[in-house]
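Report on the structure
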Amino acid sequence: MTESQINRPRWSGIGRWLPGVVISAVALVAVFKFTHWQDLSTAIQAIQPFHLAVAVGLTLLSLITKSMTWRTLLDNRVSVWKTFFIINEGYLLNNIFPLRAGEIGRAVFMGQTSGLGAFHVLSTIVIERAFDIGIAAGLLLATLPMALGLEWAKSAAYITLALVIAGFMVLFFMANNREKVQHMVGWLGQKSGLVQRWLVPQIEALLRGFEVLTRPSQFFASLFWVVITWIIWVSIYYVMLLSIAPSAPLWWGAFVDSFLAIGLAVPSAPAGIGVFEASMVASMALLGIPTSSALAYAITMHAMQFFITGVFGLYGLIREGRSIKNLFSKDLKQINHQQTNE
């Protein structure tokens with residue numbers, strides 16, 4: 001491989017994640033521009049230790065229920081604790097690398113651990129994310145009209161929900177028409193040996209992971225754990241809201257959580273820095289919460305999640321002898337090896 005071949009992917013990679021960094025920077029500047037440092041310091045000190053302790057406990061519980069969701073989608077082939085640590089390893093990678101690299105990372109880790117392969121595991125992550133987006137859209141549909149008091153908000157929420165349902169229908173179609181999809185992919189790849197020999201098998205592995213959508217018992221079991229996880233997430237955001245808005249109704253927690261989930265879909269720097277805080281501040285502005293209090297809440301929540309997942313993620317990597325440095329370079333070597341053999 002020549003020097004130009006090595007440098008080209010590096011610069012193209014920078015081109016892919018640079019927009020996210022720019023968006024994060026703009027979001028941070030916009031948030032801090034309307035915040036007074038003295039007010040922010042006072043607001044952070046107002047966060048109640050009891051509420052923070054409860055939020056930490058609920059966050060740990062949510063990581064366990066999320067592990068149950070993923071384990072169910074993986075057909076219970078791995079232990080809950082193994083799944084727990086790999087999920088946190090994925091969060092750790094998301095906190096370090098851009099473009100949600102943690103999702104690819106945990107697919108690779110779990111693929112190696114379970115023997116299912118990264119692409120098969122990746123399909124379960126796609127389903128998991130589809131569940132999350134669907135519930136987030138549903139919560140936004142229910143709470144956005146109350147937050148805004150405007151009729152057009154209902155239309156926007158209905159459109160979002162319709163797109164989510166359409167996405168589920170596409171996944172369901174692919175799961176129930178594996179042969180047709182495989183045939184179509186094979187037909188498209190007839191002119192390319194690389195596509196035929198490398199991409200088609202990976203698509204087949206991806207489709208096998210979608211089989212959960214055709215098994216009602218497994219589908220509803222995973223959906224059950226997703227719902228439980230979201231109930232816990234809403235509780236976390238609500239409990240913390242009580243520190244800055246003691247009389248906040250429960251639906252505020254659901255609104256802030258769902259708004260954040262949709263906001264984090266926007267490209268950003270690692271860990272969602274800037275976009276996380278801006279989404280929080282924007283959602284709370286709609287609820288009438290002052291910018292300084294909202295930013296203090298956002299910083300506290302973000303720091304708590306970063307610390308918890310970082311600790312367990314790092315412990316998991318050390319415990320299993322994994323190397324962050326070699327994770328993606330190893331996959332690149334495998335791809336290059338396949339290309340050489342062709």
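It should be emphasised that the depicted structure is a prediction, and the values quoted were computed from it without experimental measurement.

**Considerations on the side chain of R106**
- Relative to the helices and strands, R106 resides in helix α5 (residues 101–114).
- With sequence-adjacent residues up to four places away left out, R106 is seen in contact with K66, W70, I86, I87, G90, V121, I125 and E128.

**Comments concerning the packing of aromatic side chains**
- This structure, assessed with the given rule, holds 10 aromatic pairs.
- Here F84 and F85 contribute two aromatic rings whose centre-to-centre distance is 5.4 Å and whose plane-to-plane angle is 80°, an arrangement assigned as edge-to-face. For the residue pair F84 and F85, the accessibility class agrees, reading buried in each case.
- By way of ring pairs, the aromatic residues W81, F84, F85, F312 and Y315 are connected into one cluster.

**As for the pattern of salt bridges**
- For the coordinates displayed, the defined rule picks out four salt bridges.
- With a closest N to O distance of 3.6 Å, E320 and K82 form a salt bridge. Remark: K82 occurs in helix α4 (residues 80–96) and E320 occurs in helix α13 (residues 291–320); sequence separation between them is 238 residues.
- The exposure class assigned to E320 is partly exposed, which follows from its relative accessible area of 21%.
- In this structure K82 comes out as partly exposed when scored by relative accessible area, which is 24%.
- A salt bridge links R106 to E103; the nearest nitrogen and oxygen atoms lie 3.1 Å apart. One end of the pair, R106, and the other, E103, are both in helix α5, three residues apart, so they sit about a helical turn from each other. Each member of the pair R106 and E103 is classed as buried.
- Among the charged side chains, a network of salt bridges with common partners joins K66, E103, R106 and E128.

**As for unusual backbone geometry**
- Positioned with a positive phi, D75 is a non-glycine residue whose angle comes to about 65°.
- Positioned with a positive phi, N76 is a non-glycine residue whose angle comes to about 55°.
- Within the element layout of this structure, N76 appears in the loop between α3 (49–73) and α4.

**Observations concerning the environment of A30**
- Checked against the element boundaries, A30 lands in helix α1 (residues 3–33).
- In this structure the C-alpha to C-alpha distance between A30 and A278, which are 248 residues apart in sequence, comes to 7.9 Å.

**Topic: the nonpolar core**
- M280, M284, Y297 and M301 are the most contacted members of the largest nonpolar core, which totals 50 residues.
- Judged by nonpolar contacts, the second largest core, of 14 residues, contains I86, A107, F109 and V121.

**So, the environment of V22**
- By the element assignment, V22 lies in helix α1.
- By relative accessible area, which is 45% here, V22 ends up partly exposed.
- Through-space distance from the C-alpha of V22 to that of S268 is 7.6 Å; in sequence the pair is 246 residues apart.

**Digging into the side chain of S292**
- With respect to the element layout, S292 can be found in helix α13.
- Given a relative accessible area of 12%, S292 falls into the buried group.
- Sequence-distant contacts of S292, that is, excluding residues within four places in its chain, are made with T35, H36, D39, L40 and A43.

How each quantity is defined
- Residues numbered from 1 in each chain as written.
- Predicted model: local features only at pLDDT ≥ 70, side-chain atom pairs only at ≥ 80, totals over all residues.
- Heavy atoms only, no water.
- Helix = DSSP H or I, 4+ residues; strand = E, 2+ residues; numbered from the N terminus.
- Contact = heavy atoms within 4.5 Å.
- Phe/Tyr/Trp six-rings, centres within 6.5 Å; stacked < 30°, edge-to-face > 60°.
- Buried < 20%, exposed > 50% of the residue type's maximum accessible area, 1.4 Å probe, protein only.
- Salt bridge = Lys/Arg side-chain N within 4 Å of Asp/Glu carboxyl O.
- Core = buried A, V, L, I, M, F, W, Y, C linked by side-chain atoms within 4.5 Å.

Everything listed is a geometric property; what it means functionally is a separate question.
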